[in-house]
Structures are given as structure tokens and as C-alpha cells.
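# Coordinates in review
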Amino acid sequence: MDSTRTMTYIEAIRDGLRTEMRRDPDVLVMGEDIGGEFGGAFKATKGLEAEFGPRRVMNTPMTELAFIGAATGMGLMGLRPVIEVQFADFISTGFDSIVQYAATTHYRWQAAVPWVIRAPADGGIRSGPFHSQNPEAWFVHTPGLKVVAPATPADAKGLLLAAIRDNNPVIYFESKPLYRSLRGEVPAGDRATPIGRARIAREGQHVTVITYGEMVRQAVLAADGLAPEVGVEVIDLRSLKPLDRDTIMASARKTGRVVVAHAANRLAGVGAEIAADVGQTAFEYLDAPICRVGGLDVPVPFSPPLEDAYRPGADDITAAIRETVAY
Amino acid sequence: MTRLPDDLSIDLHYWMRLTRTMDDQLVTLWKQGRGVGTTFNQRGHEAISVAAGMALAPDDVVAPMHRDLGCYLVRGMTPRRLMANQLGRATGVTRGRDGNLHGCGDLSLNLIGFISHLPQTMPVALGAAMSFSYRSEPRVALTFVGDGSSCAGVFHESLNLAAVQRAPFVVVIENNQYAYSTPLHQQMAIDDLAVRASGHGVESRTVDGNDVEEVYGTVEAAVAKAREGGGPTLIEARTMRMLGHAIHDGAEYVPQALLDEWEARDPLLLHEEKLTSRGLVDREYLARVAEKCREIVADAVEFAESSEWPDPGTVTDGVYAA
Ligand SMILES: Cc1ncc(C[n+]2csc(CCOP(=O)(O)OP(=O)(O)O)c2C)c(N)n1
Ligand SMILES: [Mg+2]
């Protein structure tokens, strides 16, 4: 019998960390400023050091390359480190140890690297080029990694549990704009969201919007605005690698019209892969060209009018749906 | 103890006062909800950033960081452009592309802009120094890093490369005791950051970062040595970050006693006392300078707030050089 509690997206992340740390003494968290009363730049780990002590809540120097590499070594010894990079943008400082070392190890000599990197991503909050990025495509392009991106508090917890239990390096993209603005029901205790399974966030008959992260909220807003004339089905991917192709193709075949949306820049983004795959796999079911919505091919600009021009939202998704439906 | 020419000491004071005034104004703007994005607190760093900037010749290149407002000012970046950048306006240094002090580079002022990733600016500044060697130009490049940044691999790689190249390069560590919320002893197992230099064959100095004349004298000597072909120097300047990491941060994790100790050694007030006790200036002069700085900063705010926002239609402009 499961009970649920209502919490914010970031509380759900904390709940997920706490659940796993209580369950498994090999789970630890590490990163910059995450310990003590401070509890991290976004307070995701607040209170964890009081409960689990500094051995399991490890404040690191500002040395991503060293501590991500060290997490790989800890993983090889059977620990399950959960790394917080302070902003997803700073993940690039640890790039070699992620894409070259951790990602290839099991393929080369069959040793598992079971770490998770929590990467606070996404913008819309006037944080400029280096605190707003959505770098998921780099990692989806890397064999050996798994990549997840929760859009709801329930999945923020559920995917985190699954990521920690997974025996592979998993990059877990958090959406900063959801941290405190989104509340939802979260199952208490131990309920993992399986990696690789998408969720139908909203059912519809006429057009499918495939998206993830904060854009799920934008897509649902767009869908609400177009109802009841246009029945929009919104797929929340939850997992970007592996992709739930079954759910994607079933919906594409059902509606025959597909929009793919993400906040990351559109060029060579995750949406390009999905669009190509749907185009090839569900070709004879499609009634319109697949439409992609994404950020512009520029560094994320700081100033509000520029960031708003850069970043897609419900209006852009609405326009794309209209275009697709009108085709 | 360094004793500088009187007019230089007086000049250093002016730039520190201007830096302090602008920083105070930024804090006020953000508290009043007039800020855009975030802003990095400068209080405590004025002596280091001003003195290091002043110790350079006009042709030298400097890459200031997020606590070096003073250095930007000294090097000729106007309060108007800086304020407009803080407020995301089209008239700011980055035309709204980047925020606060990020990206405030201008090669016409021999200023290189930084990125957030710390300390990625250090090898870039080193590259400027290497280009001076390459072209046999008698110029020097200087950059700053934090105590936290001195832990990173690229810090050590850069020092090593600078040493091998005998580059005309000066690095100032602004040891302000904290990297965001993390105190020194959780960042490193040494007390003396200058020792980081010796493992790379680089000379080092340690200075009181709240004594503007001492910082000036030490940086000036390192710059002169670099210009004469004597290679790089690492200078550790000790200070205290007197406010939070950035405007949102109340810094409750900093012990009050530590702040009190450093508050008594405020770099600006220390220097004002020095100037008055030497009889170089009087209280009336200091009040006049403070008033002048307030006027300059008020004008910068007025300019920035009445400036246009960037045109969203230009969002893709400028990604590539022509
Ligand atoms: C590679 C990288 N990781 C994380 C951050 C986030 N961050 C911004 S400033 C900072 C602390 C920097 O400390 P320090 O170098 O001592 O400079 P200070 O801010 O104290 O002047 C951190 C962790 C960053 N900017 N770059
Ligand atoms: Mg510091």
C-alpha cells in the first residue's frame, strides 16, 4: 500500500537521495558546497550531512575533473556516488572522465561504473551563458552513458532511485526552473521510475508533442490552450538514453503528426534524432512533416529580451502544433 | 613596508573609493529589486583589484575576474558600460549577451573577458603573455584566480606551462578564505597558497591583500621582472570576502568573529587612515572624493536604467566574427 506526499521538484530530489542513502550504505553524495547547513547552491542536499555525516556527504574542492574521476574509481570499488555538479554547465570541466573513461569502461573490460551525476540544467532565469545550458546532447551522443531528465516531482524522485541503482554511469538532468515552481504527488518510499520508459503526460488524438524536462509543462500549457479543437498528446520522455521508441512510435502512428520540442538548441539536438527516427520508422503513418522546436544556435544570452528570444516556450509549441495540424 | 609616491597613493585611494561606491550601489539596486540576474560582491577585494590593475603599463594585458571590479575601472572601462552590463542593457559591454562582470573584455583597453568556468581564464591570459614573447614585445599579462580556483588542474597546468615558457605572466591569487560556502581547510591541505608555485619552478610572494600599497609594490616588481625576461610570478594576496558569494547569498556559514577581525582591517579605511596620518589628505578631501564617486555612480545608474534593452531581433547577431 503506497501513500503519496505533495512536494516540490527539489524536495523530491532530496527525498530520493535520502531514500537511497537510508537503504544502501554504499550510496554517498559528493560535490561543491553540498555539505553542512548550506546544503548546496540549490539546497538539494540540505539536511543530509546532519543525518548521514560528512563521510557520506562529501564537500569537494572546485575540481570537477578530479572528483568525477574519483567517483569512477569509487564506483569500480562498488560504491554508488551521486555527484552534484553545481550547474550543468560545469559538467564540461569533467568531460574526459565522463565520456572517455566512465562511459567506455564496461565495454572495454566489463567493469561497471555505477555513478550518477546530478546536473542542474536549463534556463529562463536570467543566469547567462554559463548557468543556463542544456548540454544533454553531448551525452546522448556518447556510447556507454544513460541520460534522464525528469519533468515532475514523482519522476524527480523515481528516476533518481533508478539512476542510483543502475550499474552504469547515468547523467540526471534537473530542470532549475522547476525546482520550486512545480509541486506534485510523490509516492512515499521506494518507487523507482524505470529508465527507458516514457510517460503520456496528456492524451490526444490529433498531434503528438514529444518533449522532456521543463518543456513538458510548456507543452501541456500549449495543449490546454488548443483544447478542445485540437487534441494534443504530450509525451514526457523521462529518459533520453535509452529512448522509449515504442511509446514514441505508437503515438506517432496514432496521431500522424509530430512536434519535437526541447529547450536545448535545436541544431543537432536530441530532437533531431527523434525526428529522424520517427520519419524513418513511422513514415507511412505521417500526415505532416515532423516539426522541431528548440533553442537558437547561440550561447544562452543573459539579458531578458534576448533570453526570451532564444528560449522556446508554450507559444512556440502552439505555433508548431498549428502549423503541423494545418499542413 | 612599501612607501609609494604620494600622488600614486592618493590615486589608489580614488579608485578604491570608486569601486566601493559602485559595489555598494549594486547591492542597493539588487535589494530594491532593480537588478537583473545576479551580482558578485566585491567588498574586501578593492585593494587587490585596484593595485594590480594600476601596477600594469597601458600596453599590458589583464584578465580580471568576478571580484575585480576595481581592475576594470582602473583600466578604463567606464562605470556606465559596466553598470549597463550588470543591468543587461544594449549599451553594456556585452550588449546583453553576458551578465554582471562576465565577459567584460575589451581589447582596445587590453582587457580579456572571463567565463564562469574557473579558472579557464588563466591559460588564456598566459597565451597573451606567450604572444608577447613570440613577438618580442616588452609586455606583460596578468590575471587573478581565487583560492578555490587554485585547486583546479588547469591552474597547475597553466603555471607549469608558464614556467617552461618563462612567460611574462603574473598571477594574483585572491585568497579570500572561501570558495562559495567552502572554507580553505575543506579545499586544500595547505595554509600557504604561495607554495603552489614552487612545485612548478615559479617564484612566489605573499602579501597582505588589504594593504593596497603592499599589493601595488609586489605586483609592480613582478611585472618589472616579467618584462625583463625573468619569467612568471605567483602572488598570494590574503583578504576576506566580506559579503556573500553573490547577492543571493547571506553567507551564514561564515563565522562572525572572522568577519569582525577583517572588518577592522577594511582595505579602503586602512588606506584612508594612512593617507590622513601622513598628512597627504584631510577628512574634507576624503568627503569630496566620496561625493564625486557617488555622482559618477549615480550617473552610471541613470545611464544604464535609461538605456535600451537589447533588440530581441538581434539575438543571433555576433556569434561569428566577420
Ligand atoms: C569549473 C567551475 N565549477 C564550479 C563553479 C561554480 N563556482 C562559481 S564561483 C565558485 C567558488 C570560487 O571560489 P574562488 O576561486 O575562491 O573565488 P571567489 O569566488 O572566492 O573569489 C564556484 C564553486 C565554477 N564557476 N566553475
Ligand atoms: Mg575564494
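Residues numbered from 1 in each chain as written. Chains lettered and ligands numbered in written order. Predicted model: local features only at pLDDT ≥ 70, side-chain atom pairs only at ≥ 80, totals over all residues. Heavy atoms only, no water.

## Describing the overall build of chain A
Applicable threshold: Per the convention used, a helix needs a DSSP run of H or I reaching at least four residues, while a strand needs a run of E reaching at least two, with both numbered from the N terminus. For this measure, only C-alpha atoms enter the radius of gyration; the expected value for a globule follows 2.2 Å times N^0.38, where N is the number of residues. Type-normalised accessible area, obtained with a 1.4 Å probe on protein chains alone, sets the label of each residue: buried when under 20%, exposed when over 50%, and partly exposed for intermediate values. By the convention used here, residues are in contact when the closest approach between their heavy atoms is within 4.5 Å. Here the Shrake-Rupley method, with its probe set to 1.4 Å, supplies the accessible areas, and only the displayed protein chains count as covering residues. Just so you know, the count uses Lys and Arg for positive and Asp and Glu for negative, and it drops His and the chain ends. Working definition for charges: the position is that of NZ of Lys, CZ of Arg, CG of Asp or CD of Glu.
The secondary structure content of chain A amounts to 11 helices and 14 strands. Compactness check: chain A gives a C-alpha radius of gyration of 19 Å against a globular reference of 20 Å for 327 residues, within 12% of the reference. Projecting the C-alpha coordinates of chain A onto the three principal axes gives extents of approximately 60 × 50 × 40 Å. The proportion of buried residues among the 327 residues of chain A is 62%. Long-range contacts, defined as pairs at least 24 residues apart, comprise 82% of the intrachain contacts of chain A with a sequence gap of at least 6. When the accessible area of chain A is evaluated, it comes to approximately 12,400 Å², of which 53% is carbon and sulfur surface. Separation between the mean location of the 34 positive side-chain charges and that of the 40 negative ones in chain A comes to 4 Å.

## What about the sheet that holds strand 2 (residues 27–31) of chain A?
Residue and element names in this part refer to chain A. Heads up, the rule is: By this definition, two strands are paired if DSSP reports at least two bridges between them. To obtain an axis, a line is fitted to C-alpha atoms, over the contacting stretch when the element is a helix, and the angle between two such axes runs from 0 to 180 degrees between their N-to-C directions.
Read across the sheet, 7 strands follow the order 3-2-4-5-7-6-12 without closing on themselves; strand pairing throughout is mixed. Since the sheet does not close on itself, it has two edges, and those belong to strand 3 (57–59) and strand 12 (239–241), each with one partner. For this sheet, the mean angle separating the axes of adjacent strands, direction not counted, is 20 degrees. Here strand 6 (residues 146–148) pairs with strand 12 via 2 bridges, running antiparallel.

## Some thoughts on the interface of chain B and chain A
Operational definition: A quick way to say it: buried area is the sum, across both parts, of accessible area lost when two parts are put together, with a 1.4 Å probe. Salt bridges are identified by distance alone: a Lys or Arg side-chain nitrogen within 4 Å of an Asp or Glu carboxyl oxygen. Polar contacts here mean pairs of N or O atoms no more than 3.5 Å apart (in protein, one a potential hydrogen donor and the other a potential acceptor; neighbouring residues in sequence count only if both atoms are side-chain atoms). For this scheme, ten residues count as nonpolar: Ala, Val, Leu, Ile, Met, Phe, Trp, Tyr, Cys and Pro. Four count as charged, namely Asp, Glu, Lys and Arg, and the remainder, Gly too, count as polar.
Counting from both sides, the interface comprises 35 residues of chain B and, opposite them, 29 residues of chain A. The largest share of the area that chain B buries against chain A comes from His117(B), Tyr180(B) and Val315(B), three residues that together contribute 25% of it. Remark: the boundary between chain B and chain A carries 0 salt bridges. Counting across the chain B and chain A interface gives 9 residue pairs in polar contact (both at pLDDT 80 or more). When residues of the side of chain B that touches chain A are traced back to their parent elements, those giving at least two are helix 4 (79–86) and helix 7 (184–187) of chain B. Taken together, the residues that form the side of chain B that touches chain A break down as 13 nonpolar, 17 polar and 5 charged.

## Section: the coordination of the magnesium ion (ligand 2)
All names here are of chain B. Note the threshold: Each metal site lists N, O and S donors within 2.8 Å (3.2 Å for Na, K and Ca). With water left out of the atoms, a site can look as if it is missing ligands.
Coordination of the magnesium ion (ligand 2) by the protein comes from Asp 147 (OD), Asn 176 (OD1) and Tyr 178 (O), over a distance range of 2.1 to 2.3 Å. In primary-sequence terms, the residues that donate to the magnesium ion (ligand 2) follow D-x28-N-x1-Y. On the basis of relative accessible area, Asn 176 is assigned to the buried category, the value being 4%. The buried category is assigned to Tyr 178, whose relative accessible area is 8%.

## Details of the state of the cysteines
By definition, a disulfide links the sulfur atoms of two cysteine residues through a covalent bond. Residues and elements named next belong to chain B. Condition: The definition used for a disulfide is geometric: two cysteine sulfur atoms within 2.5 Å.
In this structure the tally under the stated criterion is 0 disulfides over all chains. No disulfide involves Cys 104; its sulfur sits 12 Å from the nearest other cysteine sulfur, which is in Cys 71. Assessed through its relative accessible area of 0%, Cys 104 is described here as buried.

## A word on the site of ligand 1
Put simply, the test is: In this text, near means that some heavy atom of the residue lies within 4 Å of the molecule or strand in question.
In the region of ligand 1, 20 residues are neighbours, and Glu64(A), His66(B), Arg67(B), Gly148(B) and Ser149(B) sit closest. Positioned at a junction of chains, ligand 1 has nearby residues supplied by chains A and B. Between Leu118(B) and ligand 1, the recorded distance is 3.2 Å, taken from a backbone N or O atom to a nitrogen atom. Separating an oxygen atom of ligand 1 from a side-chain N or O atom of Asn176(B) is a distance of 2.9 Å. Compared with its free state, where it exposes 580 Å², ligand 1 has 96% of that area covered by protein. When the residues that make up the shell around ligand 1 are grouped by side-chain class, the tally is 6 nonpolar, 10 polar and 4 charged.

## A word on the pattern of salt bridges
Tallied over the entire structure, the rule returns 43 salt bridges over all chains. Between Arg217(A) and Glu214(A) there is a salt bridge, with the nearest N and O atoms lying 3.0 Å from each other. Here Arg217(A) pairs with Glu214(A), and both are found in helix 7 (residues 214–226), just 3 residues apart, close to one helical turn. The class of Arg217(A) is partly exposed, set by a relative accessible area of 28%. For Glu214(A), a relative accessible area of 5% gives the class buried. Residue Asp6(B) is joined to Arg3(B) by a salt bridge in which the shortest nitrogen-to-oxygen separation is 3.3 Å. The exposure class assigned to Arg3(B) is exposed, which follows from its relative accessible area of 51%. Each member of the salt-bridge network shares a partner with another, and the members are Glu20(A), Arg23(A), Arg165(A) and Asp190(A).

## What to know about the domain arrangement of chain A
All names here are of chain A. Let me state the cut-off plainly: Domain ranges listed in this record stem from an automatic or a database domain assignment.
One can read the domain layout of chain A as domain 1 (4–187) and domain 2 (199–326). Taken over C-alpha atoms, the centre of domain 1 sits 26 Å from the centre of domain 2. In this assembly, 31 residues from domain 1 lie in contact with 24 residues from domain 2. Interface of domain 1 and domain 2: buried area, both sides summed, is about 2,100 Å²; carbon and sulfur atoms make up 55% of it. Across the pair Arg 311 and Asp 122 runs a salt bridge whose closest N-O atoms are separated by 2.5 Å. The interface formed by domain 1 and domain 2 includes 12 residue pairs in polar contact (both at pLDDT 80 or more). Only helix 5 (136–140), strand 6 and helix 6 (153–165) provide two or more residues apiece to the side of domain 1 that touches domain 2. The dominant element in the side of domain 1 that touches domain 2, judged by the number of residues it contributes, is helix 5, at 4 residues.

## Brief notes about the nonpolar core
Which entries qualify depends on this criterion: Nonpolar cores are built from buried Ala, Val, Leu, Ile, Met, Phe, Trp, Tyr and Cys residues. Side-chain atoms within 4.5 Å join them into one set.
With 58 residues, the main nonpolar core has Leu82(B), Met83(B), Leu142(B), Phe144(B) and Val219(B) as its most contacted residues. Element by element, the count of residues in this core is highest for helix 1 (residues 6–31) of chain B, at 10 residues. Apart from the residues within four sequence positions on either side, Val219(B) is in contact with Ala52(B), Ala55(B), Leu142(B), Val172(B) and Ile235(B). Counting 45 residues, the second largest nonpolar core, distinct from the first, contains Leu159(A), Leu160(A), Tyr172(A) and Met240(B).

## Section: unusual backbone geometry
Geometrically, the link from Ala227(A) to Pro228(A) is a cis peptide bond, its omega value of 0 degrees lying close to zero. A positive phi is found at Gln177(B), a non-glycine position, where the angle reads about 75 degrees. Positionally, Gln177(B) belongs in the loop between strand 3 (169–175) and strand 4 (178–179).

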